[in-house]
Amino acid sequence: MAVTDATSHSGSHAHLIDTLAADLKPVKPLRAFVLRAGVWLGLVAVSASILALFADLPVMAKAMTAAPDMWLAMFGSALTAVLGAIAAFHLSLPDRKPFWALLPLPGLLFWLGASGLGCLRTVVEMGAYEEIFAEMRDCLVFIVGMAIPLSVALILMLRRGYSLQPNLTGMVAGMAVAGASVTLLSFVHPHDPSVIGIAVHSAGVVMVAAANRIAGGRIFNPRAAHD
Amino acid sequence: MPDKGKQAHYAETDRQWSAWMALAQAGDSRAYDALLRDCLPFIAQVARGQRVPADRVDDVVQDVLMTVHRARHTYDPSRPFTAWLRVIAQRRAVDVLRRSGRQNSREIYAPLAYELHPDPAAGPAAGWEKSGLSQQIGKAVSGLSPGQREAVEQLALKDQSLEQAAMVTGRSKGALKVNLHRALSALRGQLDNKE
């Protein structure tokens, strides 16, 4: 830290500093990322509570008890949403290392692992394809329908930061939204996962993550925002 | 013992910078000015530590200054400022290295070829022609609209970057680009007519 060498900077820096100091306006420091992540997760919790009011909870509990992999998968998707949101809020700050993107991976592995177990089990039991296809379509519509407002809320909150890794931030935010949407889906779709069901879930997750990544590339890119 | 003294000096500097940044967040431009000037050697040192070539260190410094300005609301005064600045400087250094890597893959460094290339404009009457031409250009520039003239002055004559010009003029980068483009078209038209 050669602070004493402050006189060696070139004139262009001095000119830029003069301009920046002249342009200075008071700013409100960002609230703690835990609080900001908590607000978004609170929004997800409120959505879950509303869905729980309309859901057939006894049927849901019965289905989950019969197939432990289902609640394990639900736990995994919820964990992905929580860890993904925390990681996304970290990545929206300029001084955070990209390693924060690894934070939601345990939840994601848990989620995909439990879904895979359920998938293997239902390969043997599966029969009525028409019914499964109809359910899958409804699932996809629900996931995308939930993902849009959750994405908008998350993007608006993350925009308050200043990410130097906009694509990574968008990708992790997509993971959090996908995890939250699939967790909420469990309230209205308390059935066994199936091979195709998991494929549709994955497609939904990829769609949300990709949409967020594409949007994130522009939305969180500080340079683009000032062009 | 000297290490302890050094650590105390670092800690004191960090406290000072954190305090200046907190004041800057509240709008104190004098504290902000002092902070940015004091940080310059530190930013350059981080850039050199990331193996940024000497001729690119200034680019990193400028990028970091702009980033600090735009991201100043994300700094938490309860955390060390030096660590915050170091990560930003490291990331901007990597950005500059990537940018220069891409540039080097497209361009070649041939100083001899550059020196030996004959200047087609150099001739006995070049000075006289140039003085006439600069008068013509000056006259043409003064005939432009204020926005276009500003764009030409900042971007072409003063050789400012788009970001700097936007700061100075208070116009957006897009508006500056459009004004420059229109100004160049207008100047080309005027100069072609005179020829």
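Fair warning: this is a prediction, and the values are worked out from it, not measured in the lab.

Looking now at the overall build of chain B. A count of helical and extended segments in chain B gives nine helices and zero strands. For chain B, the residues scored as buried account for 28% of the 195 residues in total.

If you look at soluble globular proteins, the nonpolar side chains tend to sit buried side by side. Residues A:A85, A:A87, A:A88, A:V172 and A:A176 are the most contacted members of the largest nonpolar core, which totals 43 residues. Apart from residues lying up to four places away in sequence, A:A87 is in contact with A:W100, A:A101, A:L103, A:P104 and A:V172.

Taken residue by residue, the interface counts 32 residues in chain A and 39 residues in chain B. At the level of elements, α1 (11-22) and α9 (222-226) of chain A are the ones that each hand at least two residues to the side of chain A that touches chain B. Tallying contributions element by element places α1(A) first for the side of chain A that touches chain B, with seven residues.

So, on to the packing of helix α2 (residues 29-49) of chain B against helix α4 (residues 81-106) of chain B. Residues and elements named next belong to chain B. Contact geometry of α2 with α4 gives a least axis separation of 9 Å together with a crossing angle of 50°. By the angle between their directions, the pair α2 and α4 is classed as oblique. Note that α2 runs across α4; the crossing there is right-handed. Across the interface between the two elements, C39, F42, I43, V46 and A47 of α2 pack against L85, R86, A89, Q90 and A93 of α4. Each residue belonging to the contact of α2 with α4 can be placed in one class, and the counts come to eight nonpolar, one polar and one charged.

Residues and elements named next belong to chain B. Between the first and last C-alpha of α2 there are 30 Å, a value that for 21 residues agrees with the 30 Å anticipated at 1.5 Å per step. If you look at α2, its biggest bend is around 40°, right at L40, and the proline P41 turns up within four residues after that. Inspection of α2 places A31, Y32, L35, L36, C39, L40, F42, I43, A44, V46 and A47 among the buried residues, and these make up the whole buried set. Immediately beyond the C-terminal end of α2, within one or two residues, lies R51, with a positive phi of roughly 65°.

All names here are of chain B. Residues of chain B with pLDDT of at least 70 account for 91%, and the chain-wide mean is 84. Here helix α6 (residues 126-142) stands out as the element of chain B with the lowest mean pLDDT, 74, in contrast to α2, whose mean of 92 is the highest. Among the scores for the predicted complex, ipTM is 0.71 and pTM is 0.68.

This part takes up the environment of B:M66. Residues and elements named next belong to chain B. Its location among the elements puts M66 in helix α3 (residues 57-70). Overall, M66 belongs to the buried group, with 20 C-beta atoms counted inside 10 Å. Along the backbone, M66 and E163 are 97 residues apart, and their C-alpha atoms lie at a distance of 8.6 Å.

Rules used in this analysis
- Residues numbered from 1 in each chain as written.
- Chains lettered and ligands numbered in written order.
- Predicted model: local features only at pLDDT ≥ 70, side-chain atom pairs only at ≥ 80, totals over all residues.
- Helix = DSSP H or I, 4+ residues; strand = E, 2+ residues; numbered from the N terminus.
- Buried ≥ 20, exposed ≤ 12 C-beta atoms within 10 Å, placed from the backbone.
- Core = buried A, V, L, I, M, F, W, Y, C linked by C-beta atoms within 7 Å.
- Contact = placed C-beta atoms within 7 Å.
- Axes fitted to C-alpha atoms, helices over the stretch in contact; angles between N-to-C directions.
- Parallel < 35°, antiparallel > 145°, perpendicular 65-115°, else oblique.
- Left-handed = near helix turned anticlockwise from the far one by under 90°.
- Nonpolar A, V, L, I, M, F, W, Y, C, P; charged D, E, K, R; others polar.
- Expected span 1.5 Å × (residues − 1).
- Bend = angle between axes of the 7 residues up to and from the residue.
- pLDDT = per-residue confidence, 0-100.

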